[in-house]
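An overview of the molecular structure
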Amino acid sequence: MNRTMITATNTLAQLQKQMDIVSNNVANIDTNGFKRKEANFTDLLFQQFNNGPGAPGAGDADRLTPNGIRQGAGAKLAISKIVMAQGSLKTTDRPLDMALTAEGQVFRVLEQTDNGSAIRYTRDGAFYLTPISQNETMLVTGNGYPVLDENDNPITINAQASNFALSETGRLTVDVPGGGTASYNLGISYVNKPQFLEQKGGNLLGLPENMADLGVEAEEILTELNGPLRNQIGIAQGRLEQSNVDLSKEMTELINLQRSYQFQSRSISMADQMMGLVNGIR
């Protein structure tokens, strides 16, 4: 196959992956706590053909450009990482709406998977109460995932509880029947290396399944903010964090991607026309 076709085809496949990332960002512009992803490209391996006479550099004392011809094999999506920048805050005055105000911090929730259950992470603090018995309710996300406490246990609250109050360190206190109170420390972690987190769907983030192959431990990616570290937590009650997607930036990126895609497609068409001309020479 023509070398130009190979290069353009390789690049088209990678550009499609970046389009998927940008499209996902735009689709979640109104999703609470959503964090956009950013893609970076790198060149694939290239070959250099030295076409000068004699040894490389011979007689090229006055040359201003490198000797030889470099032929690449296209571009590759090197990394797509989650950008943990803070989104704007919206006031709701709803007691169970909680917004993390410190960048890089996430709530811990529990998701049921095909292999059991797994701890996931989210910035979406729109929580609700769902009944689990006649006298108990559970704190869950909008999708029904249980919210975990500092010991990674689901938070269960008396069904008759009232007056939900949240401290600056993520301690939820409620009034229970009989004049007493109950307190729960929300499970919150800090993301050290967001490039290793994966989007798991449902506005959830999770650890990669192949951490052993990546040579990284879970403790290097995330730090649980328990004990004295809870003083680092930033949280506000009655507010929700919006997504950090900038629509104008994403649309500009999408236009540039479309032009690059058209350029690579045109390269394939031109290469095909050139091969047709060569084959038609008598």
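Residues numbered from 1 in each chain as written. Predicted model: local features only at pLDDT ≥ 70, side-chain atom pairs only at ≥ 80, totals over all residues. Heavy atoms only, no water.

We note that Asp 152 has phi near 65°; this positive angle belongs to a residue other than glycine. Tracing the backbone through its elements, the reader meets Asp 152 in the loop between β10 (136-140) and β11 (156-158). Classification of Asp 152 as partly exposed rests on a relative accessible area of 25%. (Helix = DSSP H or I, 4+ residues; strand = E, 2+ residues; numbered from the N terminus. Buried < 20%, exposed > 50% of the residue type's maximum accessible area, 1.4 Å probe, protein only.)

Moving on, we come to the pattern of salt bridges. In this structure the tally under the stated criterion is 9 salt bridges. In this structure, Lys 35 and Glu 241 form a salt bridge, with 2.5 Å as the shortest nitrogen-oxygen distance. Of the two residues, Lys 35 is situated in the loop between α1 (3-27) and β1 (37-43) and Glu 241 in strand β20 (residues 239-241); the sequence distance between them amounts to 206 residues. By relative accessible area, Lys 35 is classed as buried at 4%. Asp 152 is the salt-bridge partner of Arg 108, the closest N and O atoms lying 2.7 Å from each other. Of this pair, Arg 108 sits in strand β7 (residues 105-113) while Asp 152 sits in the loop between β10 and β11, and the two are 44 residues apart along the sequence. (Salt bridge = Lys/Arg side-chain N within 4 Å of Asp/Glu carboxyl O.)

All right, on to the side chain of Lys 37 then. For Lys 37, the location among the structural elements is in strand β1. No salt bridge is formed by the buried Lys 37; the nearest opposite charge belongs to Glu 198, separated by 8.1 Å. (Lys, Arg positive; Asp, Glu negative; His and termini not counted.)

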